[in-house]
Amino acid sequence: GLPADLVAKLSPTDFLGYDALDAGGLQVAALLKDGRPVDVIEAGFPITSQGDFEAVSEIGRRSKNAIIAGLSRAHPADIDRCAEAVKFARRGRVHTVIATSPLHMRVKLNKTPDEVIETSIAMVARARNQIDDVEWSAEDGTRSEMDYLCRIVEAVIKAGATTVNIPDTVGYTV
């Protein structure tokens, strides 16, 4: 876990980017139980292992106020497992991600842009059928074509996404 002297000095901004599944993750969740003002914790990737699933669930149980998000790919099994893990949180969120740059759609997903939009709509809707808070992310978003990015963002919002994230996943704009 985290050293006690470090824990005493932590502020809410110290949690940004913190991997809640490492040895100190549950200790961080314990800090949050006392009501420290942290908005969102992305607690893990529940489909990857039983350990990740249990960690996300436990962090959700322990958190008083923070939104507890689980990460999922845009696959039905991922969405379902993630929704199951975050249901223990007072405020749970499914965060689904799919590649949107031409390179990643072609090489990583082997999908057309229209297929990626269809998949995104279907997975956001699937998540919304299980939980009220759904975040959608455009993996490799900063290398995506702007017109396409606008189209897919509009589509996922219409499908029920409550948060949209356009990350620089590969460090392209750094």
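These lines cover the structure that appears in this document, whether it is placed above or below. Remember, it's a predicted structure, so these values are computed and weren't measured experimentally.

1. What about the environment of Val-153?
Counting through the fold element by element, Val-153 comes out in helix α7 (residues 146–159). Its relative accessible area of 16% is what places Val-153 among the buried residues. Sequence spacing of Val-153 and Ala-138 is 15 residues, and the spatial spacing of their C-alpha atoms is 8.6 Å. Among residues more than four places away in sequence, those in contact with Val-153 are Trp-136, Val-164 and Ile-166.

2. Description of the sheet that holds strand β2 (residues 67–73)
Here 5 strands make up an open sheet; going across it, the order is β1-β2-β3-β4-β5 and the pairing parallel. Looking along the sheet, the strands with just one partner apiece sit at the ends: β1 (40–44) and β5 (163–165). The mean inter-strand angle of the sheet, taken between neighbouring strand axes irrespective of direction, is 30 degrees. Pairing geometry for strand β3 (residues 92–99) and strand β4 (residues 134–139), over 6 bridges, is parallel. The residue bridging Ala-99 from the neighbouring strand is Glu-139, located in β4.

3. Concerning the environment of Ile-117
Looking at the secondary structure, you find Ile-117 in helix α6 (residues 113–128). Given the relative accessible area of 11%, Ile-117 is considered buried. Once the C-alpha coordinates of Ile-117 and Val-156 are considered, the two residues, 39 residues apart in sequence, prove to be 8.1 Å apart. Beyond its immediate stretch of four places on either side in the chain, Ile-117 contacts Tyr-148, Arg-151, Ile-152 and Ala-155.

4. What to know about the pattern of salt bridges
Taken as a whole and assessed by the stated rule, the structure comprises 10 salt bridges. A salt bridge links Arg-61 to Glu-58, with the nearest nitrogen and oxygen atoms 3.6 Å apart. One end of the pair is Arg-61 and the other is Glu-58, both in helix α3 (residues 50–62) and 3 residues apart, which spans about a single turn. Put simply, Asp-80 and Arg-126 hold a salt bridge, and the shortest N to O gap is 2.8 Å. With Asp-80 in helix α4 (residues 76–86) and Arg-126 in helix α6, the pair connects residues that are 46 residues apart, well separated along the chain. Judged by relative accessible area, which is 31%, Arg-126 ranks as partly exposed. A network of salt bridges, in which partner residues are shared, links Glu-58, Arg-61 and Arg-62.

5. Notes on the environment of Thr-119
Of note, Thr-119 is situated in helix α6. For Thr-119, the residues in contact, after removing those within four places along its chain, are Ala-74, Ile-98 and Lys-111.

6. Points about the side chain of Ser-101
Residue placement: Ser-101 occurs in the loop between β3 and α5 (102–109). Leaving out residues up to four positions away in the same chain, Ser-101 has contacts with Glu-139, Asp-140, Arg-143 and Ser-144.

Cut-offs and rules
Residues numbered from 1 in each chain as written. Predicted model: local features only at pLDDT ≥ 70, side-chain atom pairs only at ≥ 80, totals over all residues. Heavy atoms only, no water. Helix = DSSP H or I, 4+ residues; strand = E, 2+ residues; numbered from the N terminus. Buried < 20%, exposed > 50% of the residue type's maximum accessible area, 1.4 Å probe, protein only. Contact = heavy atoms within 4.5 Å. Pairing = 2+ DSSP bridges. Axes fitted to C-alpha atoms, helices over the stretch in contact; angles between N-to-C directions. Salt bridge = Lys/Arg side-chain N within 4 Å of Asp/Glu carboxyl O.

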